[in-house]
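Structural overview
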Amino acid sequence: EVLVKFFAIVFIPFTILGQVMAPNISKAFYSEKKEEVKKKYYRIIIFSIVSSLIIGAISYISFILFGPYILKKFDLVLLNLLMIGFLCLLPFRAIGLITNLGFITPIGKAKIITYPLFIGGILNVLTDLILIKYGFIYIIYNTFILNILNIIFTNILFQRELRRLI
């Protein structure tokens, strides 16, 4: 619960960035400046990766340094396992938020988000049913992995759509 709240806060800047970019991306796309949209997309992907890795490193170092003092009542070994999973997810989630909110939805291609999300949701339920006998940590990591795959496939579909439109 502590990590979920922490990472919800960490994702706020990426959500805001996607929402702030959306009108400009929509305007460029419908003004036939699709090449500009493509350039901005690749620049924002690099920005998302770099900034999320910096945020992740600062978060993990802070967790290691201050966790034992602030989170005394929690199992730090378990929190560390969860933190590593969240940190692996962080760059992908940052990319997913900005891509979905700032690019895919504003240009009217929300279907691109729907298909991987639907398939990923079904796979998540099915694999959770299999993994439940091994413990909840497997279910959590399964969800992390499927979330990452969902974001990768969504971005592949979006890139394919951009190439088709340009």
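What counts as what
The residue count restarts for each chain, going from 1 along the sequence in the order it is written. Only residues with pLDDT of at least 70 get local features here, since the model is predicted, and only at 80 or more are side-chain atom pairs given and counted; chain-wide, interface and lining totals rely on the full set of residues. No hydrogens and no water enter the side-chain calculation; it runs on all heavy atoms of the structure. Counting from the N terminus, the helices are the DSSP runs of H or I reaching at least four residues and the strands are the DSSP runs of E reaching at least two. In this scheme, a residue with accessible area under 20% of its type's maximum is buried, one over 50% is exposed, and one in between is partly exposed, where area comes from a 1.4 Å probe on protein chains only. Only heavy atoms matter for contacts: two residues are in contact if any of them lie within 4.5 Å across the pair. Computed with the Shrake-Rupley method and a 1.4 Å probe, the accessible areas treat only the protein chains shown as cover for residues. In this tally, Asp and Glu contribute negative charge and Lys and Arg positive charge; neither His nor the terminal groups of the chain are included. Where a charge lies is defined by one atom per residue type: Lys uses NZ, Arg uses CZ, Asp uses CG and Glu uses CD. One axis fitted to the seven residues ending at a residue, another fitted to the seven starting there: the angle between these axes is the bend at that residue. A 3.5 Å cut-off defines polar contacts: any pair of N or O atoms within that distance qualifies, except that in protein one atom must be a possible hydrogen donor and the other a possible acceptor, and neighbouring residues in sequence count only when both atoms are side-chain atoms. For this document, the term salt bridge refers to a Lys or Arg side-chain nitrogen within 4 Å of an Asp or Glu carboxyl oxygen.

1. Here's the deal with the overall build of the protein chain
- Of regular secondary structure, the protein chain possesses five helices and zero strands.
- Along the chain direction, N to C, the helices and strands of the protein chain fall in the order α-α-α-α-α.
- Projected onto its principal axes, the C-alpha coordinates of the protein chain cover approximately 55 × 35 × 20 Å.
- Looking at the 166 residues of the protein chain, the share that counts as buried comes to 37%.
- Taking contacts inside the protein chain between residues at least 6 apart in sequence as the whole, the part at least 24 apart equals 77%.
- When the accessible surface of the protein chain is summed, it comes to about 10000 Å², and 73% of that surface belongs to carbon and sulfur atoms.
- Of the side chains in the protein chain, 17 bear a positive and 7 a negative charge, and the two mean positions are spaced by 4 Å.

2. A look at helix H3 (residues 76–104)
- Roughly 40° is the biggest bend found in H3, and it falls at Leu90, with proline Pro91 one to four residues downstream.
- Two or three places before Val77, at the opening of H3, Asp75 has a side-chain oxygen 3.2 Å from that residue's backbone nitrogen.

3. Some remarks on the pattern of salt bridges
- Under the definition given, this model contains four salt bridges.
- A salt bridge links Glu32 to Lys34; the nearest nitrogen and oxygen atoms lie 3.0 Å apart.
- Among the residues examined, Lys34 registers a relative accessible area of 13% and is labelled buried.
- The shortest N-O distance in the salt bridge between Glu161 and Arg164 comes to 2.6 Å. Taken together, the positions of Glu161 and Arg164, both in helix H5 (residues 136–165) and three residues apart, correspond to about one turn of that helix.
- Its relative accessible area of 56% is what places Arg164 among the exposed residues.

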